[in-house]
Amino acid sequence: MQTRRETLHRSAVVAGLLAATGLFPQFAWAYNNIAFDAKSVPDVLKALGAGAPVASKDVMIEGPDIAENGAVVPVGASTTLAGAKQILILVEKNPSTLAAVFHVNDSIEPNFKTRVKMGQTSDVYVVAVMADGRALFAKKEIKVTLGGCGG
């Protein structure tokens, strides 16, 4: 039976070895501050280098019509288009519009489900950023009865 101190020490040693060999996932800490700090949909797309958004039936959004608790709103995002490099979930009236970014390549099926926090009733966008810079989107209004962002 090892003590808590021994466990922490061994964990630190393993983390140090992984960092020293370059196997530690350093990209997990790197994110686009400008995009996450943006306050509108066009600002987020500009920060991520995408063009003007165009509605598309090949981009799908799933979510409830009414969310009873804005702290945990289930949202699904998917596309049937080949060549998508990012899937974005944007909540228009949140303090930070960008809720999630999923990086996609040919070996990943562009179909994601997550939970987002919403402070109030808002339009939720799913945007597929294509390899050529086009931004295709689907939009859905989700009504929130109990705000999750301090509301």
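Everything quoted here is computed from the prediction, not taken from an experiment. (Residues numbered from 1 in each chain as written. Predicted model: local features only at pLDDT ≥ 70, side-chain atom pairs only at ≥ 80, totals over all residues. Heavy atoms only, no water.)

Draft legend 1. Broad picture of the pairing of strand β4 (residues 73–79). With 6 of 7 residues buried, β4 lies mostly within the body of the structure. Both strand β2 (residues 59–62) and β4 contribute to a ladder of 4 bridges, which runs antiparallel. Looking at the pairing, Ile 61 lines up with Ala 77 of β4. Summarising the sheet, β4 and strand β7 (residues 111–116) pair through 6 bridges and their orientation is antiparallel. Across the sheet, Ser 78 pairs through a bridge with Asn 111, a residue of β7. (Buried < 20%, exposed > 50% of the residue type's maximum accessible area, 1.4 Å probe, protein only. Helix = DSSP H or I, 4+ residues; strand = E, 2+ residues; numbered from the N terminus. Pairing = 2+ DSSP bridges.)

Draft legend 2. Fine view of the environment of Val 126. Secondary-structure assignment places Val 126 in strand β8 (residues 122–130). When the C-alpha atoms of Val 126 and Ile 87 are compared, they prove to be 6.9 Å apart, with 39 residues separating the residues in sequence.

Draft legend 3. Expanded view of the side chain of Gln 86. Within the element layout of this structure, Gln 86 appears in strand β5 (residues 84–91). Judged by its relative accessible area of 10%, Gln 86 is buried. Within polar-contact distance, the side chain of Gln 86 engages the side chain of His 103 at 3.5 Å. (Polar contact = N/O pair within 3.5 Å; in protein donor to acceptor, adjacent residues only side chain to side chain.)

Draft legend 4. Structural context of the packing of aromatic side chains. By the definition in use, this model includes 2 aromatic pairs. Pairing Phe 102 with Phe 112 gives two aromatic rings, centres 4.3 Å apart and planes at 5 degrees, and the pair type is stacked. Here the residue Phe 102 occupies a position in strand β6 (residues 98–103), and Phe 112 occupies one in strand β7, the gap between them amounting to 10 residues. The class for Phe 102 is buried, based on a relative accessible area of 19%. (Phe/Tyr/Trp six-rings, centres within 6.5 Å; stacked < 30°, edge-to-face > 60°.)

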